[in-house]
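Each chain, letter by letter, is given below.
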Amino acid sequence: MEKEIKEMTLLLLYLTSWKEKELPENMRRSWKGYPFDILNLLTDEDFIRGSKQAKSTCLTEKGIEEARVLAKKYEIAEENL
């Protein structure tokens, strides 16, 4: 079950993310209102980065790519991405 929770969390982070001028082109920002143990796993896998004190996190290029794979796996329409 942990694998599915991790996948859904990454996917939700991606689907609710936005671009910011201060971030590199291949990164996106998202609020991190999800369980910290799952966010820590995503950080360990370099899907997300950021300060533990911050209320938002940055999705890495690797995280964005994985989220797009998960979107196809869970049949989320491309226009929602």
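Quick notes on the rules
Residues numbered from 1 in each chain as written. Predicted model: local features only at pLDDT ≥ 70, side-chain atom pairs only at ≥ 80, totals over all residues. Heavy atoms only, no water. Salt bridge = Lys/Arg side-chain N within 4 Å of Asp/Glu carboxyl O. Helix = DSSP H or I, 4+ residues; strand = E, 2+ residues; numbered from the N terminus. Buried < 20%, exposed > 50% of the residue type's maximum accessible area, 1.4 Å probe, protein only. Polar contact = N/O pair within 3.5 Å; in protein donor to acceptor, adjacent residues only side chain to side chain. Contact = heavy atoms within 4.5 Å. Pairing = 2+ DSSP bridges.

Remarks on the pattern of salt bridges
Then comes step 1: The tally for this structure, following the rule as stated, stands at five salt bridges.
Then comes step 2: One salt bridge in this structure joins lysine 3 and glutamate 7, with 4.0 Å as the shortest N-O distance. Of this pair, lysine 3 and glutamate 7 both sit in helix α1 (residues 2-15), four residues apart, roughly one helical turn.
Then comes step 3: A salt bridge links glutamate 45 to lysine 6, with the nearest nitrogen and oxygen atoms 2.5 Å apart. A residue pair is termed long-range when its members are at least 10 positions apart, and glutamate 45 in the loop between α2 (36-44) and β2 (48-49) and lysine 6 in helix α1 qualify at 39 residues.
Then comes step 4: With relative accessibility at 28%, the residue glutamate 45 sits in the partly exposed group.
Then comes step 5: Each of Lys3, Glu7 and Lys73 takes part in a single network of salt bridges with overlapping partners.

Description of the side chain of threonine 9
Then comes step 1: Structurally, the position occupied by threonine 9 is in helix α1.
Then comes step 2: Looking at threonine 9, its side chain comes within polar contact range of the main-chain oxygen of isoleucine 5, at 2.8 Å.
Then comes step 3: The contact partners of threonine 9, leaving out residues within four places of it in the chain, are Tyr34, Ile38, Leu39 and Leu42.

Considering the sheet that holds strand β1 (residues 28-31)
By way of backbone hydrogen bonds, the strands of a sheet pair with one another, either parallel or antiparallel.
Then comes step 1: Judged by pairing direction, the sheet is antiparallel, and its three strands sit side by side in the order β1-β3-β2 without closing on themselves. Either end of the sheet is taken by a strand with one partner, and the two such strands are β1 and β2.
Then comes step 2: Taken together, the two bridges between β2 and strand β3 (residues 56-59) define a ladder with antiparallel strand orientation. By the bridge assignment, isoleucine 48 is partnered in β3 with leucine 59.

None of the figures reported here should be taken as evidence of function without further support.
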